[in-house]
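# Fold and geometry: a report
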Amino acid sequence: MAEMTLELHHILDARNRIRGVADNTPLIPSPFMSKVAGHDFLMKMENMQPVGAFKLRGAMSAVMALPDDVQGVTCCSTGNHGRGVTFAANRRGMKAVICMSELVPQAKVDGIRALGADVRIIGTTQDEAMYESQRLCEIEGLVEISPFDDPHVIAGQGTIGFEMLETRPDLNMLLVPLSGGGLAAGIATAAKAINPDIKVIGITMDRGAAMYESIHAGKPVEVPEYASLADSLGGGIGLENRLSYPICRDLLDDTILVTEEEILHAMQVMFYEDRIVAEGASVVGQAAMLAGKLPKPDGPVGTVITGRNLDMPTFAKLMTGQDVMIGDLEVKGKTYGA
């Protein structure tokens, strides 16, 4: 399929569609991380969205752009996109069918069902869930809302970058959690349009990193999927990816991998230093900086705290230094500060 383009005016249009529902989260400093960075380290608090994650922006942008005769929507999701799509569909009186793989944590499945969605658990990979979502479009007449390869979704996520630079025009570097690339593509499009010299770095876990592997391969590729503390970053990007892949390929200044141990440490830093509960996917920027994997910034650094929708019993074990099983992966506990 031909590659598409996305420009700043598309993001401004999305800003109008989501205004008053999914916008204007705080951008707050982390004193601890600011010392590590040597400059202000600012966190965009998307975990404060009504559904607990940034995905509401893209979902609202896409669903609000649909014509009035659409009866229902569907999507594949690792959890947060499904919450956003369901929330947005409810506002328009539409049916929502959310397809997820067996790797999605039960807490996220339960949260989507609680919003009233029809949840379908399909296979062991995000790609299998995506194929089911596409099948539903054919047999039930639903409209698919891609979690990352939809221009309205990417434009909605791009409003985060616009707001960050609107608040702090002096930002030198943006650290963006990287999965299917919708968030990174939107933020990079907005940020580079406003300040072409700003550094935008995509960061993801070191197992099953589809966008990272695709950028390094020079084309979209499939990768195995694994359970991770950063479960929201799992899943493929689609071999026919027409939008998020080329934007990430062209606009990201670098892509970096972090380990499960580094993610755990960053989650503990967020909890003990900043008093914030955040998903593993939310803290990969902190993880990369704490591990010394980033270039030295020349000015303020910004990152996105993407969500708070995690399993609290597991989180409690992680914060108290206990070993936990994430799928078939054992994450060894570590007492913070010990």
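Overview of the structure.

### Some details on the overall build of the chain
Scanning the chain for helices and strands turns up 13 helices and twelve strands. Over its C-alpha trace the chain gives a radius of gyration of 18 Å, about what one expects of a compact globule, namely 20 Å for 338 residues. Seen through its C-alpha atoms, the chain measures out along the principal axes to roughly 55 × 45 × 40 Å. Considering the chain as a whole, with its 338 residues, one finds that 59% of them fall into the buried category.

### Points about the sheet that holds strand 2 (residues 41–45)
Reading across from one edge, 1-2-10-7-8-9 is the order of the six strands in this open sheet, with mixed pairing throughout. Single-partner strands in this sheet number two, and they are strand 1 (27–29) and strand 9 (254–258). Direction aside, neighbouring strands of the sheet carry axes that sit 30 degrees apart on average. As judged from the five bridges shared by strand 8 (residues 199–205) and strand 9, these two strands associate in the parallel manner. Across the sheet, the residue bridging to Thr 204 is Leu 257, located in strand 9.

### A short note on empty space enclosed by the protein
Here the structure, examined in full by the defined rule, presents two cavities of 30 Å³ or more. Volume-wise, the largest cavity comes out at about 270 Å³. Lining of the largest cavity is provided by 26 residues; of these, Phe 54, Lys 55, Thr 78, Ser 179 and Ser 232 occupy positions nearest its centre. Sorting the residues of the lining of the largest cavity by element identifies helix 4 (80–92) and helix 8 (182–194) as the ones contributing at least two each. Ranked by residues supplied to the lining of the largest cavity, first place goes to helix 8 with three residues. Across the lining of the largest cavity, the residue classes tally to nine nonpolar, 15 polar and two charged. Considering the residues around the second largest cavity, the lining is formed by 16 residues, among which Thr 78, Leu 103, Tyr 226, Asp 231 and Gly 234 are closest to the centre.

### Comments concerning the pairing of strand 5 (residues 118–121)
Direction of pairing for strand 4 (residues 95–100) relative to strand 5: parallel, over a ladder of four bridges. Looking at the pairing, Cys 99 lines up with Arg 120 of strand 5. In this fold, strand 4 hands off to helix 5 (residues 106–114), which returns the chain to strand 5; that crossover is right-handed.

### Topic: the nonpolar core
By size, the foremost hydrophobic cluster in this structure holds 41 residues, and its most contacted members are Ile 203 and Ile 263. Ranked by the residues each element gives to this core, the list is headed by helix 11 (residues 260–274), at six residues. In this structure, Ile 203 is in contact with Leu 175, Val 176, Pro 177, Leu 178, Leu 233, Ile 256, Val 258, Val 284, Gly 285, Ala 288 and Leu 294, ignoring residues within four places of it in sequence. Formed by 36 residues, the second largest nonpolar core is a distinct cluster that contains Ile 11, Met 164, Leu 174 and Ala 188.

### Side note on the packing of aromatic side chains
Under the defined criterion, the tally for this structure stands at three aromatic pairs. Between the aromatic rings of Phe 271 and Tyr 272, the centroid separation amounts to 5.1 Å while the plane-to-plane angle is 85 degrees, which identifies the pairing as edge-to-face. Measuring from ring centre to ring centre gives 5.1 Å for Tyr 272 and Tyr 336, while their planes differ by 5 degrees; the resulting arrangement is stacked. With Tyr 272 in helix 11 and Tyr 336 in the segment after strand 12 (329–331), the pair connects residues that are 64 residues apart, well separated along the chain. Given a relative accessible area of 30%, Tyr 272 falls into the partly exposed group. What links up through ring pairs into an aromatic cluster is the set Phe 271, Tyr 272, Phe 315 and Tyr 336.

### Let's talk about the state of the cysteines
Per the counting criterion, the structure on display carries zero disulfides. Residue Cys 76 stays outside any disulfide, its sulfur separated by 6.5 Å from that of Cys 75, the closest cysteine. Its sulfur unpaired, Cys 99 is 7.3 Å from the next cysteine sulfur, which belongs to Cys 75.

### Considering the environment of Glu 279
Among the structural elements, Glu 279 can be located in the loop between helix 11 and helix 12 (284–290). Judged by relative accessible area, which is 3%, Glu 279 ranks as buried. Each C-alpha atom, one on Glu 279 and one on Ile 263, is 9.6 Å from the other, the two residues being 16 residues apart in sequence. Discounting chain neighbours no more than four positions away, the residues touching Glu 279 are Asn 80, Lys 108, Ser 232, Met 267, Gly 307, Arg 308, Asn 309 and Leu 310. Here the side chain of Glu 279 touches Ser 232 through a polar contact of 2.7 Å, side chain to side chain. A polar side-chain atom of Glu 279 sits 3.4 Å from the main-chain amide nitrogen of Arg 308.

How each quantity is defined
Residues numbered from 1 in each chain as written. Predicted model: local features only at pLDDT ≥ 70, side-chain atom pairs only at ≥ 80, totals over all residues. Heavy atoms only, no water. Helix = DSSP H or I, 4+ residues; strand = E, 2+ residues; numbered from the N terminus. Rg over C-alpha atoms; globule rule 2.2 N^0.38 Å. Buried < 20%, exposed > 50% of the residue type's maximum accessible area, 1.4 Å probe, protein only. Pairing = 2+ DSSP bridges. Axes fitted to C-alpha atoms, helices over the stretch in contact; angles between N-to-C directions. 1 Å grid on protein atoms, 1.4 Å probe; cavity = no way out; pocket = protein on both sides within 12 Å on 5 of 7 lines; lining within 4 Å. Points joined across faces, edges and corners; volume = space filled by probe spheres on them. Nonpolar A, V, L, I, M, F, W, Y, C, P; charged D, E, K, R; others polar. Right-handed = clockwise from strand over helix to strand, strands pointing away. Core = buried A, V, L, I, M, F, W, Y, C linked by side-chain atoms within 4.5 Å. Contact = heavy atoms within 4.5 Å. Phe/Tyr/Trp six-rings, centres within 6.5 Å; stacked < 30°, edge-to-face > 60°. Disulfide = S-S within 2.5 Å. Polar contact = N/O pair within 3.5 Å; in protein donor to acceptor, adjacent residues only side chain to side chain.

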